[in-house]
Structure formats: C-alpha cells, structure tokens
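Analysis of the macromolecular model
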Amino acid sequence: MTDLVNHPPHYTAGAVEAIDVIEGAVQAGPTPMSGYLQGQVLKYVLRMWLKGNPLQDAQKAQWYLNRLINQIQ
C-alpha cells in the first residue's frame, strides 16, 4: 500500500527523497525566507516529471525562483 501522506510516490522517486535533498540545500540560505523560496523551487523541479503536468510545475518553480531572485537583488 502506498503511503500518500508520509511518502507519496512523486516525492520518493529516485535514490533520495525530495525532502532530504531540500533540507540539505536550504541550510545554507542566508535568511529563512531565502531557504523557503529555494526549497519551493527544488520541490517543484524535483517532482515535475512525476505528477502529470510538468509545465505547471516548471511554472510554479519559476514563480518561486523569480521571488528568490528579487529578494537577492
């Protein structure tokens, strides 16, 4: 049985769960908001081929990335 709450298939595809990648990456963020935005970008990019609408996930990732870029400038 698939655990859709704790280990949904679109987060667990591949050798490492998306949450583990995200947690490792955002630790270096200079602010909590920067880390959050980076995490959102990663979340959408890491699972974009697995949910049935890759264009929408790419656009969501781009939306968060644009916010992150604006925050950094």
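In short, a report on the structure. (Residues numbered from 1 in each chain as written. Predicted model: local features only at pLDDT ≥ 70, side-chain atom pairs only at ≥ 80, totals over all residues. Heavy atoms only, no water.)

**Description of the environment of G29**
Here is the rule we go by: Runs of H or I in DSSP of at least four residues are treated as helices and runs of E of at least two as strands, each being numbered from the N terminus. For every residue, the accessible area obtained with a 1.4 Å probe (protein chains only) is divided by the maximum for its type, and the residue is called buried under 20%, exposed over 50%, and partly exposed between those limits.
Note that G29 resides in the loop between α2 (18–26) and α3 (32–47). Under the relative-accessibility criterion, G29 is labelled partly exposed at 24%. Separated by 17 residues in the primary sequence, G29 and L46 place their C-alpha atoms 19 Å from one another.

**So, the packing of aromatic side chains**
Test applied: Any Phe, Tyr or Trp ring, taking Trp's six-membered ring, that has another such ring centre within 6.5 Å forms a pair; planes under 30 degrees apart are called stacked, those over 60 apart edge-to-face, and the others tilted.
The tally for this structure, following the rule as stated, stands at three aromatic pairs. Taken together, a centroid distance of 6.0 Å and an interplanar angle of 15 degrees make the contact between Y44 and Y64 stacked. Of this pair, Y44 sits in helix α3 while Y64 sits in helix α4 (residues 54–72), and the two are 20 residues apart along the sequence. Of the two residues examined, Y44 and Y64, each falls in the buried class. For Y64, a relative accessible area of 15% puts it in the buried group. Taken together, Y36, Y44, W63 and Y64 form an aromatic cluster joined through their ring pairs.

**Points about the nonpolar core**
Cut-off, in case you're wondering: Note on terminology: a nonpolar core comprises buried Ala, Val, Leu, Ile, Met, Phe, Trp, Tyr and Cys residues joined through side-chain atoms within 4.5 Å. Residue contacts follow a heavy-atom distance rule, with two residues in contact if any of their heavy atoms lie within 4.5 Å.
The biggest cluster of nonpolar side chains holds six residues, and these are L37, V41, Y44, A61, Y64 and L68. Sorting the residues of this core by element identifies α3 and α4 as the ones contributing at least two each. The contact partners of L37, leaving out residues within four places of it in the chain, are Y64, R67, L68 and Q71.

**Considering the pattern of salt bridges**
Rule in force here: Salt bridge, as used here, is a side-chain nitrogen of Lys or Arg placed within 4 Å of a carboxyl oxygen of Asp or Glu.
Counted by the stated rule, this structure contains one salt bridge. Residues D57 and K51 are paired through a salt bridge, measuring 3.7 Å at the closest nitrogen-oxygen approach. Looking at D57, the relative accessible area reads 2%, which means it is buried.

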